[in-house]
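Given next are the chains, with one letter for each unit.
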Number of protein chains: 2
Amino acid sequence: MEFDVGSNDLSSIMKDPVSSQDRSLQLSSALKLKRLGIDTQKEFVVYMRSDCHICKSEGFGALNRIQARVNDITIIGTLNVTLTDLLQPGEASLSHCAWEKLKAEEGQKITFSHLPPIKSLSEVRAKMYGSKLSDDALMHIVIDIADGKYSNIHLAAFISACAGDNLDVREIIGLTKAMIATGTTITWGKDLVVDKHCIGGLPGNRTTPLVVSIAAAAGLTIPKTSSRAITSPAGTADTMETITQVELSIEKIKEVVNQEGGCIVWGGAVKLSPADDILIGVERALDIDSEGQMIASVLSKKAAAGSTHVIIDIPVGETAKVRSEQQAEKLKHYFQVVGMAIGLNVKVLVTDGNQPIGQGIGPALEAMDVIAVLRNEGPDLEDLKERALLISGALLELAGIATAGYHTAKQILNSGKAWKKFQAICNAQGGFGAPEYAPHSYDILAQRTGVVTAVDNRKLAKVAKLSGAPHDTLAGVRFYSRLGTKVEKGQTLFTVYAESTGSLNYALDYLKSESEILTIV
Amino acid sequence: MEFDVGSNDLSSIMKDPVSSQDRSLQLSSALKLKRLGIDTQKEFVVYMRSDCHICKSEGFGALNRIQARVNDITIIGTLNVTLTDLLQPGEASLSHCAWEKLKAEEGQKITFSHLPPIKSLSEVRAKMYGSKLSDDALMHIVIDIADGKYSNIHLAAFISACAGDNLDVREIIGLTKAMIATGTTITWGKDLVVDKHCIGGLPGNRTTPLVVSIAAAAGLTIPKTSSRAITSPAGTADTMETITQVELSIEKIKEVVNQEGGCIVWGGAVKLSPADDILIGVERALDIDSEGQMIASVLSKKAAAGSTHVIIDIPVGETAKVRSEQQAEKLKHYFQVVGMAIGLNVKVLVTDGNQPIGQGIGPALEAMDVIAVLRNEGPDLEDLKERALLISGALLELAGIATAGYHTAKQILNSGKAWKKFQAICNAQGGFGAPEYAPHSYDILAQRTGVVTAVDNRKLAKVAKLSGAPHDTLAGVRFYSRLGTKVEKGQTLFTVYAESTGSLNYALDYLKSESEILTIV
């Protein structure tokens, strides 16, 4: 201290003394919470009046990052200031996710403070400038992301700095380990826990419930967590939800798996990798599939879920996520090397991704396919069945319980054991009920006789989404016209299902405007 | 068209026909605007109820980018959905900047549509993957940014991809040209229009009003646009606003400059480079000073403002923006090469940036310094005066109207011509009035006798901000203890000024907690 501001002598020498009690009251002054209920997804946003005394005295302005504290929990949020009477003087609010995180209630006090520097951002800046990220640096970054300290702008910078092959294998391993370390880890007390994952992109590719049923029927432990649809007409969790309950606590998941050997639940509530959950939203907005982050994302969640042996399915096709064999082979290599480094036994299957799998596209329609295959019905579902057997077979072999895995898997499916196991798993999760068809439907007919030579997966998925899927669980498309199918003029190519005539029209209007979903020559 | 959905036969074959009139009504259905007045700075945000029929039918979700249309103007915004009755069914809202852009009024209709692909984002992704950006690519990116098509996430990705010396000189030139092309350009019909720019970071460094007055008094044309404080206690525009009006239309600016040869106005309203204005906010959040973007930002605005000859001042110091001679030399090279490419005559001065300039820190306190120097008062303001003469002299030489510029500038200042010119400019801008001292102040005294050996510019700026600057224009710090000053115990080191006792206490509390603003040995 080089100047005359001691801890005790301030009020005595001030020109306008204010008692220290008054001052501390003023400095700690809180605002009162009002719920606005604005959903900003994962980003914590704080709302304050622009003329609020805290904004003024702290020098807070729009887009500033500030600390907010409620119930002894602190978050870092981005400030949006309000210019109207949306908030009354003395009030503040939080975006939905921040409100939940702080367990806030209307009328509670909220206090604010300046942001302490986020040290790991200097590592992100160094990465932008071409440095390599050490394991420590990656750990600090991932911890800060998981704590919600990064704004979307910071997240985008981190993702960009890591995109374009900018992460080497050592960095991918470090990122994967950091993601595991910052999330929930499930332990099963077993030497052998299996799992499967598909690098998305194929409508109707609902093999998971089949693989889980076959593997569990074969005696394996397969605690499967699945996602809901993000940009597709249905995720596995959406599909399963038309049959049984999928939002289970970790305790309930353990109960189901211990009883039946497997489960098929929504992974969103489990928080296996909170940093990854946050990054994914921004990656989607950037439409970037950074290889390194994708591998870290998938493998960290598998390891955190307690898996030991994992099959990765990479469908390759022009309208799939992975578009060339070369790209698939590179991914395969990374998956295996990183898997080994974190103690996972990984086998990668590169499969055909040129057209939809099965007939249904949409939650209930895909669930019908799954049930039909399990019941050995539906000769038109050979593709879905074959793919499920291929993956199940590889899984049985990887786990070391079969030498001709495909045949063992086929026996289990044909015998009805997989169907029985599926029903048992559903019952353990909360009950089994087969879905019904939507009340409204419309057949799309061939205008000429010929052979189907091309199918645009993305446009087909869009029709299903416009008809209401996945929100309207019965909505979607049933597709009968696989590549190579010979069709007669007037024959039904596919059927659109919807829960309301409005939604049906919406999808049909899109069909009128789009001419190249199927090519018939 | 390979299937049976013609443009006319739809309703005739639908199972649940809806007349096409009803359908188009339903499809085009608009929402009614309600003003919430949320300030998100530059980012367009659209607020809709999560259960809104448009959200559902279009499949819009939080963080989606969507098109919104009001008054035949279309913007692209990020969707935030509301989960409460903040919006009533049928209502939607916009963030403040989007509301302004669409010239929206409460109760108007707003319509929404899906986002057409933003093609230039593929150029940004290519840059992430190591490609060079062509002039065309940079033009498309800058146009889309200026149109508000990029979300903060996209902007952060672009900035990150260009950071870390990732832009070569050709790209910096392309970026500069694109920024000029997308903004307002001012023409003066003169061969010689001068300007100056300082690469910030020094509290109290208010040379601009002095340089403009001297240059204009010397007969040069110097239409100076300045910024408001962003993170500092005062910008030149804030300082000038305590003396005269600074928010002038382009017409009024032209009038002032044609009459007096110079002006000192706020540049924010002029929109010389709208893309840059948008990028700067995100760069600040990332705390990134990408050299390429900084050069493009500065030079594009100078060119757009119609300048032909420009002095760039780069203060170098440990707590300044540029911290090493080496970094300054590199910047100097880039400024000259890029300047030449766009037809600007650029001279760069590398100056001492180790301590505050002048005595005042805060809008009114800095204005007092400026006036004192112009009136040849204040022997304690030699540093500010010398710096202004150095820059003015270089400018007179660059413009070719003096061979010993420093001496010419000194004559103009000492003769009172600069002071007369300054008052004339202020009167032309709307009137002249000298600011007064704040009602509350507190002297910080030396606790020992010795010599000042270090000054922390950043902490000193923070004291000024906590006392209320720049919002409270009279608030700030008057600093008497330059490096090397001999002080006696009990002598005043600096004085804190505030408009309220609350703000004064706020600054003093910070001083109590911070021990190393000045070092006296």
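Everything numeric in this text was worked out from a predicted model, so none of it was measured.

1. Re the overall build of chain A
Stage number 1. Tallying secondary structure elements over chain A gives 20 helices and 19 strands in all.
Stage number 2. The principal-axis extents of the C-alpha atoms in chain A amount to approximately 95 × 50 × 45 Å.
Stage number 3. Within chain A, counting contacts between residues at least 6 apart in sequence, those at least 24 apart form 78% of the total.

2. A short note on the environment of Asp369(A)
Residues and elements named next belong to chain A.
Stage number 1. Take aspartate 369: it is sitting in helix 15 (residues 363-374).
Stage number 2. With 34 residues separating them in the primary sequence, aspartate 369 and phenylalanine 335 have C-alpha atoms 30 Å apart.
Stage number 3. Excluding residues within four positions of it along the chain, aspartate 369 makes contact with Arg206, Gly358, Gln359, Gly360, Leu381 and Leu384.

3. Brief notes about the packing of helix 9 (residues 208-217) of chain A against helix 15 of chain A
Pairs of packed helices are described in terms of their axes, by the angle between the two and the distance that separates them.
Residues and elements named next belong to chain A.
Stage number 1. Two elements in contact, helix 9 and helix 15, have axes whose closest approach is 9 Å; the angle formed by their N-to-C orientations is 35°. Of the two possible hands of crossing, helix 9 and helix 15 adopt the one that is right-handed. Together, Pro209, Leu210 and Ser213 of helix 9 and Val370, Val373 and Leu374 of helix 15 make up the contact between the two elements.
Stage number 2. When grouped by side-chain class, the residues that make up the contact of helix 9 with helix 15 number five nonpolar, one polar and no charged.

4. Remarks on the domain arrangement of chain A
Residues and elements named next belong to chain A.
Stage number 1. Each assigned domain of chain A is listed with its residue range as follows: domain 1 (27-114), domain 2 (117-182 + 271-297), domain 3 (194-267 + 305-429) and domain 4 (440-520).
Stage number 2. With centres defined by C-alpha atoms, the gap from domain 2 to domain 3 works out at 28 Å.
Stage number 3. On the side of domain 3, 11 residues touch domain 2, which itself brings 11 residues to the contact.
Stage number 4. Elements that contribute at least two residues to the side of domain 2 that touches domain 3 include exactly helix 8 (169-181) and helix 13 (291-304).
Stage number 5. When residues of the side of domain 2 that touches domain 3 are assigned to their parent elements, the largest contribution, six residues, is made by helix 8.
Stage number 6. A breakdown of the residues in the side of domain 2 that touches domain 3 according to their chemical character gives six nonpolar, one polar and four charged.

5. Quick notes on the packing of helix 6 (residues 135-146) of chain B against helix 12 (residues 274-286) of chain B
Residues and elements named next belong to chain B.
Stage number 1. Between helix 6 and helix 12, whose axes approach to 8 Å, the crossing angle comes to 75°. Classed by the angle they form, the pair helix 6 and helix 12 counts as roughly perpendicular. Judged by residue contacts, Val142, Ile145 and Ala146 of helix 6 engage Pro274, Ala275, Ile278 and Leu279 from helix 12.
Stage number 2. Its residues assigned to classes, the contact of helix 6 with helix 12 shows seven nonpolar, no polar and no charged.

6. Remarks on the sheet that holds strand 11 (residues 309-316) of chain B
Residues and elements named next belong to chain B.
Stage number 1. Spatial ordering of the open sheet is given by 8-11-12, a layout of three strands whose pairing is parallel. Each edge of the open sheet carries a strand with a single partner, namely strand 8 (194-198) and strand 12 (345-352). Strand-to-strand, the axes of this sheet are offset by a mean angle of 20°, without reference to chain direction.
Stage number 2. Judged from the eight bridges that link them, strand 11 and strand 12 form a sheet pairing that is parallel. Its bridge partner lying in strand 12, isoleucine 311 is registered against lysine 347.
Stage number 3. Contacts from helix 14 (residues 325-341) reach strand 11 and strand 12, with the element oriented near 165° to strand 12.

7. Brief notes about the sheet that holds strand 14 (residues 440-445) of chain A
Residue and element names in this part refer to chain A.
Stage number 1. Read from one edge of the open sheet, four strands run 13-16-18-14, paired in antiparallel fashion. The two strands at the open ends of the sheet, each matched to only one other strand, are strand 13 (360-361) and strand 14.
Stage number 2. Pairing of strand 16 (residues 476-479) with strand 18 (residues 492-498), which is carried by four bridges, proceeds in the antiparallel orientation. Each residue of the ladder has a partner; that of glycine 476, found in strand 18, is tyrosine 497.

8. Considerations on helix 7 (residues 152-162) of chain A
An α-helix turns once every 3.6 residues. As a result, residues three or four positions apart point the same way.
All names here are of chain A.
Stage number 1. By the criterion of burial, helix 7 is predominantly enclosed, with 11 of the 11 residues buried.
Stage number 2. Buried within helix 7 we find Asn152, Ile153, His154, Leu155, Ala156, Ala157, Phe158, Ile159, Ser160, Ala161 and Cys162.
Stage number 3. The positive-phi residue at the C-terminal boundary of helix 7 is glycine 164, with phi of around 60°.

9. Regarding the environment of Ile73(B)
Residue and element names in this part refer to chain B.
Stage number 1. Topologically, isoleucine 73 is positioned in strand 5 (residues 73-82).
Stage number 2. On a C-alpha basis, the gap between isoleucine 73 and lysine 101 in space is 8.2 Å, while along the polypeptide they are 28 residues apart.
Stage number 3. Residues contacting isoleucine 73, with those up to four places away along its chain left out, are Lys101, Leu102 and Lys103.

10. Thoughts on the pairing of strand 16 of chain A
Residue and element names in this part refer to chain A.
Stage number 1. Where burial is concerned, the two faces of strand 16 agree: the one with Gly476 and Arg478 and the one with Val477 and Phe479 are both buried.
Stage number 2. Bridge count between strand 13 and strand 16: two bridges; the pairing is antiparallel. Along strand 16, the bridge assignment pairs isoleucine 361 with valine 477.

Conventions adopted
Residues numbered from 1 in each chain as written. Chains lettered and ligands numbered in written order. Predicted model: local features only at pLDDT ≥ 70, side-chain atom pairs only at ≥ 80, totals over all residues. Helix = DSSP H or I, 4+ residues; strand = E, 2+ residues; numbered from the N terminus. Contact = placed C-beta atoms within 7 Å. Axes fitted to C-alpha atoms, helices over the stretch in contact; angles between N-to-C directions. Left-handed = near helix turned anticlockwise from the far one by under 90°. Nonpolar A, V, L, I, M, F, W, Y, C, P; charged D, E, K, R; others polar. Domains from an automatic or database assignment. Parallel < 35°, antiparallel > 145°, perpendicular 65-115°, else oblique. Pairing = 2+ DSSP bridges. Buried ≥ 20, exposed ≤ 12 C-beta atoms within 10 Å, placed from the backbone.

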